[in-house]
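Architecture at a glance
Spelled out from the first residue to the last, the chains are:
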Amino acid sequence: MIKHLFRFAILVLFVAGFNSCANKQDEPNLTQDLSQDIQQKIANLGFNPENAFAADGGYIVEGDIFLTDAELNSGWDGLTLRAGDAEQYRTTNLVTGTPRTIVVTTSGSNITTALSTAINDAIARYNAENLSLTFVRGGSSGGGNINIRVVNTNQYIATAGFPSGGNPYGEIKYAKTYNNYSNGFMTTVIAHEMGHCIGFRHTD
């Protein structure tokens with residue numbers, strides 16, 4: 001599995017320069033709204049606390065990665081950096097039980113035709129890599145291993161978390177403002193967040 005993930009890292013690397021999914025231009029530095037204790041806990045997990053902010057009952061770090069209070073306080077080492085051959089970082093928590101099929105679903109009424117196509121294209125990008133994970137599109141009533149939901153927010157473009165208990169992170173939140181952008185933009189953002197769901201971190 002790890003060998004395949006590192007191979008796939010090459011595909012994901014182009015996302016590293018694609019900061020629009022992680023950072024918006026001219027955003028104020030939000031870090032000052034967090035206590036020094038929270039900032040230190042974020043840093044202790046190997047994340048950059050700059051521009052981290054509280055959202056959705058946890059914290060968004062590095063623009064699009066969701067961390068819960070429990071993760072910050074547990075001392076869990078599943079978020080420890082592991083550097084790949086192509087400078088693609090991953091967590092130590094990965095999806096297990098491979099080969100395995102990951103079902104990607106959507107929920108809510110704001111999934112546009114354009115976004116739906118981008119989700120299919122992101123799935124196709126992963127499947128073209130012959131990983132030990134196969135991604136398939138499920139229905140529009142949620143319930144998949146990874147569910148994509150459009151939300152009303154100006155805080156981020158999209159966000160996701162990391163695997164837990166051998167399972168992928170269960171949800172990608174995608175900002176409604178961006179659900180009619182170009183196919184290349186939306187496919188890249190969805191693929192990027194799917195990468196977090198199976199254990200990829202950002203590059204160095």
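Our subject is the structure that appears above.
Everything quoted here is computed from the prediction, not taken from an experiment.

1. A word on the pattern of salt bridges
Inspection of the entire model under this criterion finds three salt bridges. The salt bridge partner of Asp 56 is Lys 173, with a shortest N-O separation of 3.6 Å. Note that Asp 56 is positioned in the loop between β1 (53-55) and β2 (58-61) and Lys 173 in strand β10 (residues 171-175), a separation of 117 residues in sequence. For Lys 173, a relative accessible area of 15% corresponds to the buried category.

2. A few points about helix α2 (residues 36-44)
Within the sequence span of α2, burial applies to Ile 38, Gln 39 and Ile 42. The buried residues of α2 occupy an angular sector of 100° when projected down its axis, which confines them to one face. Seen from the buried face of α2, the exposed residues on the opposite side, beyond 90 degrees, are Gln 36 and Asn 44. Packed against the buried residues of α2 are β2 and α3 (69-74). Taken from the residues just after α2, Gly 46 is the one with a positive phi, measuring 90°.

3. Topic: unusual backbone geometry
Going from Thr 98 to Pro 99, the amide bond is cis rather than trans, its omega being 0°. Phi at Asn 51 is positive, roughly 65°, even though this residue is not glycine. Overall, Asn 51 belongs to the partly exposed group, its relative accessible area being 23%. The phi dihedral of Asp 56 is positive, around 55°, even though this residue is not glycine.

4. Digging into the sheet that holds β1
Taken together, three strands build an open sheet; the order of strands is β1-β2-β3 and the sheet is antiparallel. Each edge of the open sheet is held by one strand with a lone partner, namely β1 and β3 (65-68). Averaged over all adjacent pairs, the angle separating strand axes in this sheet is 40°, with direction ignored. In terms of strand pairing, β1 meets β2 through three bridges, oriented antiparallel. Directly across from Ala 54, in β2, lies its bridge partner Tyr 59.

5. As for the side chain of Thr 159
Along the chain, the position of Thr 159 falls in strand β9 (residues 158-159). Within polar-contact distance, the side chain of Thr 159 engages the backbone oxygen of Asp 64 at 2.7 Å.

6. Thoughts on the packing of helix α4 (residues 113-127) against helix α5 (residues 183-198)
Between α4 and α5, the least distance of the axes is 8 Å, while the angle of their chain directions is 55°. In terms of orientation, α4 and α5 fall into the oblique class. Both α4 and α5 take part in a crossing whose hand is right-handed. Counting all contacts with α4, which are made through Ala 114, Leu 115, Thr 117, Ala 118, Ile 119, Asp 121, Ala 122, Ile 123, Arg 125 and Tyr 126, the residues of α5 involved are Asn 183, Gly 184, Met 186, Thr 187, Thr 188, Ile 190, Ala 191, Met 194, Gly 195 and Ile 198. Counted by class, the contact of α4 with α5 contains 12 nonpolar, six polar and two charged residues.

The rules we used
- Residues numbered from 1 in each chain as written.
- Predicted model: local features only at pLDDT ≥ 70, side-chain atom pairs only at ≥ 80, totals over all residues.
- Heavy atoms only, no water.
- Salt bridge = Lys/Arg side-chain N within 4 Å of Asp/Glu carboxyl O.
- Helix = DSSP H or I, 4+ residues; strand = E, 2+ residues; numbered from the N terminus.
- Buried < 20%, exposed > 50% of the residue type's maximum accessible area, 1.4 Å probe, protein only.
- Arc of directions from axis to C-beta.
- Contact = heavy atoms within 4.5 Å.
- Pairing = 2+ DSSP bridges.
- Axes fitted to C-alpha atoms, helices over the stretch in contact; angles between N-to-C directions.
- Polar contact = N/O pair within 3.5 Å; in protein donor to acceptor, adjacent residues only side chain to side chain.
- Parallel < 35°, antiparallel > 145°, perpendicular 65-115°, else oblique.
- Left-handed = near helix turned anticlockwise from the far one by under 90°.
- Nonpolar A, V, L, I, M, F, W, Y, C, P; charged D, E, K, R; others polar.

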